[in-house]
Amino acid sequence: MNTERFALIAVTLALLVGGAATLLAPTVVSGPGAAPGHADAVTTITADAGLGSLFGIALWGVTILFGGTALLWVVLTYVIGAGYEAPPVEYGPEAVQVRIMTVDAAAVVQETVDSLPDGFDDVHVIAEEAIDVAGASVHVVPEDFESRAVRKGRAQEWARRAIDTDREFVLYLDEDSIVESFEGLPDADIVQLREQPRRTDSSLSFLADVYRMGVQIEQRAFARLSIPLFAWGGGIAVRSDVEDAVTWDRETLVEDTAFVWAAFSEYDIDFALSESVCRNEAPPSLYEIGQQRRRWSAGNVQAAKLLPLRYELLTRIRNYAWALSPIVTLVVLPLSILGASVAYGGALLLASVGLGLFTAFWFLRGVAYYGEGHAGWLLALPLAPLVTVVHSMGTVAGIVNPPEHFRVTTKVGGD
């Protein structure tokens, strides 16, 4: 983590200081003095004390790294993931035990329970405090239960040990994961349900999640990789015997992704992306989305130790590149437009504009993912640079100042 932290700070300082030197430094003109007008052209030198060179290296480095990550996304999504279709359904609700995870948000959980399609007859709520929920059995995690896992992971590990099941699958849902559709589960060891965040109290947070959905269509490639690149625990089904073999008993800030990585690293299992959709809540404020992304960023880097070296390096580079995306938006693009491309060539301007177009495309792809009913959000396209910053600033915080404890994102309830 220290490597990413120091590199991120160093690159940001190099861009800011070097950019200021390049744009503001005086220009020294040298020429033939009193030579006639037809003499050779004069030479101009920018007196930036060498900071301009530092700026150029940092500028191109950021552009190449983020551009490479964007191209990798294209390969994952449109080459490896091309033509992916969810496997046929083999198991219905009768083969699934549902476990809904919460601290004490009874009203929010009730909405999720009420959203479950007919056929789910084995529904459990795992809570930290006693709550009343109709249509489900409520269990409170004992305070004296000991596990290496923390918060949600600890509760999942307790449920694994304490709640018996003879069902083929355990379906884990977050407290706010309203099940919009459930077609059943394919014959895979881990089945990822699709995520579709819904708007709460912050339009910018919701737009950032729309943007994230545009990026997240890369998940269709995960079933074809030897290890999925991440998981979303708000809607994930695990074969019961796989859960017992892998367990949730590990210290991590991202229990869902860590579980999947551990499972694929230790066992020969398979993964599928389902057509079923959960409509979870987008964070209700900019502070909440920042803290959520901060936990994800720090947790992914910490959990990457579970991966083979090539996947660990890929995870770290992707995480670092996404942390740089606000820098691309706030520093690289403006400086290119303001004249840095004059000093460093038109190729830089072309590359910078290309990255800006990727940002716009991911937002548009996210709107398309939501369908025709959300087409009005296309009007927010001019806000795409700001949305990118909202989405990624928490990633920056997770690298520079990782959280020490698991923090639950605030939920507001209501549809």
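As a starting point, this report considers the structure included with it. Just so it is clear, the model here is predicted, and its values are computed rather than measured.

1. Quick word on the packing of helix α7 (residues 255-266) against helix α8 (residues 286-303)
So, step 1. Packing of α7 against α8 brings their axes to within 9 Å, and their N-to-C directions diverge by 20°. For the element pair α7 / α8, the angle class is roughly parallel. In the crossing of α7 with α8, the sense of the turn from one axis to the other is right-handed. The residues of α8 that touch α7, namely those facing E255, T257, A258 and W261, are R295, N300 and A303.
So, step 2. Here the residues of the contact of α7 with α8 are counted per class, giving three nonpolar, two polar and two charged.

2. Looking at empty space enclosed by the protein
So, step 1. Using the criterion set out here, one finds one cavity of 30 Å³ or more in the structure.
So, step 2. Roughly 1000 Å³ of internal volume is contained in the largest cavity.
So, step 3. Surrounding the largest cavity, 50 residues form its lining, R212, A231, W232, D256 and W296 being those nearest its centre.
So, step 4. Going through the elements one at a time, α4 (151-162), α5 (203-215), α7, α8, α9 (309-344) and α11 (384-400) are the ones with two or more residues in the lining of the largest cavity.
So, step 5. Top contributing element to the lining of the largest cavity by residue count: α8, with six residues.
So, step 6. For the lining of the largest cavity, the per-class residue count stands at 17 nonpolar, 15 polar and 18 charged.

3. What to know about the sheet that holds strand β5 (residues 123-127)
So, step 1. Strands sit in the order β6-β5-β4-β7-β11-β10-β12-β8 across an open sheet of eight strands; the sheet is mixed. A strand with exactly one partner marks an edge of an open sheet, and here the two such strands are β6 (137-140) and β8 (178-181). Each neighbouring strand pair of the sheet contributes to a mean axis angle of 30°, computed without reference to strand direction.
So, step 2. Sheet strands touched by α7: β10 (190-195), β11 (235-239) and β12 (271-279). Its angle to β10, the strand with the most contacts, is close to 150°.

4. A short note on unusual backbone geometry
So, step 1. The phi torsion at R151 lies on the positive side, around 45°, for a residue other than glycine.
So, step 2. You can see R151 is positioned in helix α4.
So, step 3. For R151, a relative accessible area of 35% translates into the label partly exposed.
So, step 4. The backbone phi angle of T247 is positive, close to 65°, even though this residue is not glycine.

5. Considerations on α11
Structurally, the α-helix is built with 3.6 residues per turn, so residues lying three or four positions apart point the same way.
So, step 1. The terminal C-alpha atoms of α11 lie 24 Å apart, and with 17 residues this matches the ideal 24 Å at 1.5 Å per residue to within 8%.
So, step 2. At S392, α11 shows its largest bend, some 35°.
So, step 3. Within α11, burial applies to A384, V387, T388, V389, V390, H391, S392, G394, T395, V396, G398 and I399.

6. Quick notes on α4
So, step 1. With 12 residues, α4 extends 16 Å between its outermost C-alpha atoms, agreeing within 8% with the 16 Å of an ideal straight helix rising 1.5 Å per residue.
So, step 2. Among all positions of α4, only K152, G153, R154, A155, Q156, E157, W158, A159 and R160 are buried.
So, step 3. For α4, the elements touching its buried residues are β4 (96-101), β5, β6, β7 (169-174), α6 (240-246) and α7.

7. Let's talk about the pattern of salt bridges
So, step 1. Scanning the model with the defined rule gives 25 salt bridges in all.
So, step 2. Notably, a salt bridge pairs R239 with D189, separated by 2.9 Å at the nearest N-O pair. Note that R239 is positioned in strand β11 and D189 in the loop between β9 (185-186) and β10, a separation of 50 residues in sequence. Note on accessibility: R239 and D189 belong to one class, buried.
So, step 3. Notably, a salt bridge pairs E195 with R212, separated by 2.7 Å at the nearest N-O pair. With a gap of 17 residues between them, E195 in strand β10 and R212 in helix α5 connect regions that are remote in the sequence. In this pair, the class of E195 matches that of R212, namely buried.
So, step 4. Shared partners join several salt bridges into a network, and the residues in it are R148, E157, R160, R161, D244 and D249.

8. Here's the deal with the nonpolar core
So, step 1. In terms of nonpolar packing, the biggest core is built from 38 residues, with I126, W158, I190, L229, F259, V260 and F264 touching the most fellow members.
So, step 2. Among the elements of the structure, α4, β7, β11, α6 and α7 are those that each provide at least two residues to this core.
So, step 3. Counting residues per element, this core draws most heavily on α7, which supplies seven residues.
So, step 4. Those residues within four positions of L229 in sequence are excluded, and the remaining contacts are L76, F222, W261, Y311, L314 and R318.
So, step 5. Formed by 28 residues, the second largest nonpolar core is a distinct cluster that contains Y84, V96, L116 and C278.

9. Here's the deal with a negative patch on the surface
So, step 1. Among the surface-exposed residues, D104, E129, E143, D144 and E146 lie close enough to one another that they form a single negatively charged patch.
So, step 2. With respect to the helices and strands, E146 occurs in the loop between β6 and α4.
So, step 3. Judged by its relative accessible area of 67%, E146 falls in the exposed class.

10. Digging into the packing of α5 against α11
So, step 1. Put simply, α5 and α11 touch, their axes get as near as 8 Å, and they point 90° apart. It follows that α5 is roughly perpendicular to α11 by the angle criterion. Across from L204, L207, A208, Y211 and R212 in α5, the residues of α11 making contact are L386, V387, T388, V390 and H391.
So, step 2. A per-class count over the contact of α5 with α11 returns seven nonpolar, two polar and one charged.

What counts, and at which threshold
Residues numbered from 1 in each chain as written. Predicted model: local features only at pLDDT ≥ 70, side-chain atom pairs only at ≥ 80, totals over all residues. Heavy atoms only, no water. Axes fitted to C-alpha atoms, helices over the stretch in contact; angles between N-to-C directions. Helix = DSSP H or I, 4+ residues; strand = E, 2+ residues; numbered from the N terminus. Parallel < 35°, antiparallel > 145°, perpendicular 65-115°, else oblique. Left-handed = near helix turned anticlockwise from the far one by under 90°. Contact = heavy atoms within 4.5 Å. Nonpolar A, V, L, I, M, F, W, Y, C, P; charged D, E, K, R; others polar. 1 Å grid on protein atoms, 1.4 Å probe; cavity = no way out; pocket = protein on both sides within 12 Å on 5 of 7 lines; lining within 4 Å. Points joined across faces, edges and corners; volume = space filled by probe spheres on them. Pairing = 2+ DSSP bridges. Buried < 20%, exposed > 50% of the residue type's maximum accessible area, 1.4 Å probe, protein only. Expected span 1.5 Å × (residues − 1). Bend = angle between axes of the 7 residues up to and from the residue. Salt bridge = Lys/Arg side-chain N within 4 Å of Asp/Glu carboxyl O. Core = buried A, V, L, I, M, F, W, Y, C linked by side-chain atoms within 4.5 Å. Patch = residues over 30% accessible without salt bridge, like charges linked within 9 Å, V, L, I, M, F, W, Y side chains within 5 Å. Areas by Shrake-Rupley, 256 points an atom, 1.4 Å probe, with all protein chains shown as cover. Lys, Arg positive; Asp, Glu negative; His and termini not counted. Charge placed at Lys NZ, Arg CZ, Asp CG, Glu CD.

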